[in-house]
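So you can see what is in the structure, the chains are spelled out below.
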Amino acid sequence: MFAIRLEGVCVGKRENTDDFILKDITGQFEQGSMTAILGPNGAGKSTLIKTISGFLKPIQGSITIADTLKNQLSLLPQLSEIDRSFPITVYDLVALGAWRRVGAFRGYSQQEKEKIATALEQVGLTAYANQLIGTLSGGQLQRALFARLIVRDPQVFLLDEPLTAIDEETEEQLVQIMQGWYKAGRTVMAVLHDAALVQRVFPQTLLLASEVVAWGETSTVLQEENLQKARRLVLRGF
Ligand SMILES: Nc1ncnc2c1ncn2[C@@H]1O[C@H](COP(=O)(O)OP(=O)(O)OP(=O)(O)O)[C@@H](O)[C@H]1O
């Protein structure tokens, strides 16, 4: 059963097909699947994630989200898109994950407070709870954003470069959290750059170079002929 289905999705500024960032993307992410989105710089990976999460609109084609998953998508933006000067503590950032359940003006129930504390502990940031996010390292901030997702607990995770610019220890920690979501039956998709890690951790891969180069089981998708095709498309300017 599909979680998200794309049919002929094109994203770009003009009606001129040559200028499309994403060209004719057709395929589906199954419910409970874990998919890596790989591709060269500028391939449209972030654009795809943002389009699925509704921040960008396709100018052609359609995206269908399974009825049971509507309002169940959560996006992890790229770290570089986070305003670290925003005066918010780690605790309050993580607590924002409960916002949809709690609302703006009601206090957090004991149950929500426990979820927040557990999430902070899971990512190893309990001792940092009262610090402003601006005082965190990149890897620590990424862990705080993961804790917010743990609290939010959506059915579908859209992760834009969750493992970029973090050390090995944090990487392993975040990989385990993602695998936990997958094992719990959630749908996970993540933009990544490390093919070896994708081979090890992600059962499915979408190889993108403005168009779909290959989409399916990781071992099949990452075969040399597909990688060569992706390179050819880059040389051609997509
Ligand atoms: N806001 C924007 N306005 C105009 N063009 C944009 C915008 N965002 C992205 N693009 C263009 O869309 C193309 C795809 O960008 P995108 O960030 O989706 O690629 P990516 O595969 O995630 O790349 P990277 O691996 O470098 O992060 C690029 O050519 C980029 O210049």
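In the nomenclature of an unreviewed UniProt entry, the chain corresponds to Metal ABC transporter ATP-binding protein from the organism Pelistega ratti. Here the chain is described in UniProt, under the heading Sequence similarities (unreviewed entry), as follows: "Belongs to the ABC transporter superfamily."

(A) Highlighting the sheet that holds strand β2 (residues 22–30). With antiparallel pairing, three strands are arranged side by side in an open sheet as β2-β1-β4. Edge positions in the sheet fall to β2 and β4 (60–65), since each has one partner strand and no second. Strand-to-strand, the axes of this sheet are offset by a mean angle of 5 degrees, without reference to chain direction. The sheet contact formed by strand β1 (residues 2–11) and β2 spans six bridges and is antiparallel.

(B) Inspection of the sheet that holds strand β5 (residues 73–76) at higher detail. Taken in spatial order, the six strands make up an open sheet running β5-β6-β7-β3-β8-β9, and their pairing is mixed. Two strands bound the open sheet, and with one partner strand each, they are β5 and β9 (211–217). Strand-to-strand twist across the sheet, computed as the mean angle between neighbouring axes with direction ignored, equals 15 degrees. Of the strand pairs in this sheet, strand β3 (residues 34–38) and strand β8 (residues 204–209) are connected by four bridges, and their pairing is parallel. Considered in β8, the bridge of T35 is made with Q204. In the packing of helix α1 (residues 45–52) onto the sheet, the strands contacted are β3, β5, β6 (156–160), β7 (187–191) and β8, and the crossing angle to β6 comes to about 150 degrees.

(C) Focus on the nonpolar core. Within the largest apolar cluster, 65 residues are counted, with the highest numbers of intra-cluster contacts made by I37, V94, A144, A147 and A190. Taken domain by domain, this core gets at least three of its residues from each of domain 1 (1–72 + 155–238) and domain 2 (80–153). Ignoring any residue separated from it by four or fewer positions in sequence, one finds V94 in contact with I116, A119, L120, A144, A147, R148 and V151.

(D) Structural context of the domain arrangement of the chain. Here the chain is described as being made up of domain 1 (1–72 + 155–238) and domain 2 (80–153). Placing a centre on the C-alpha atoms of domain 1 and another on those of domain 2 gives a separation of 26 Å. Contact with domain 1, which involves nine residues of that partner, is made by seven residues of domain 2. Tallying contributions element by element places helix α6 (residues 168–183) first for the side of domain 1 that touches domain 2, with four residues. Considered class by class, the residues forming the side of domain 1 that touches domain 2 number six nonpolar, two polar and one charged.

Calculation notes
- Residues numbered from 1 in each chain as written.
- Predicted model: local features only at pLDDT ≥ 70, side-chain atom pairs only at ≥ 80, totals over all residues.
- UniProt positions renumbered as here; feature names shortened; annotations may be inferred.
- Pairing = 2+ DSSP bridges.
- Helix = DSSP H or I, 4+ residues; strand = E, 2+ residues; numbered from the N terminus.
- Axes fitted to C-alpha atoms, helices over the stretch in contact; angles between N-to-C directions.
- Contact = placed C-beta atoms within 7 Å.
- Core = buried A, V, L, I, M, F, W, Y, C linked by C-beta atoms within 7 Å.
- Buried ≥ 20, exposed ≤ 12 C-beta atoms within 10 Å, placed from the backbone.
- Domains from an automatic or database assignment.
- Nonpolar A, V, L, I, M, F, W, Y, C, P; charged D, E, K, R; others polar.

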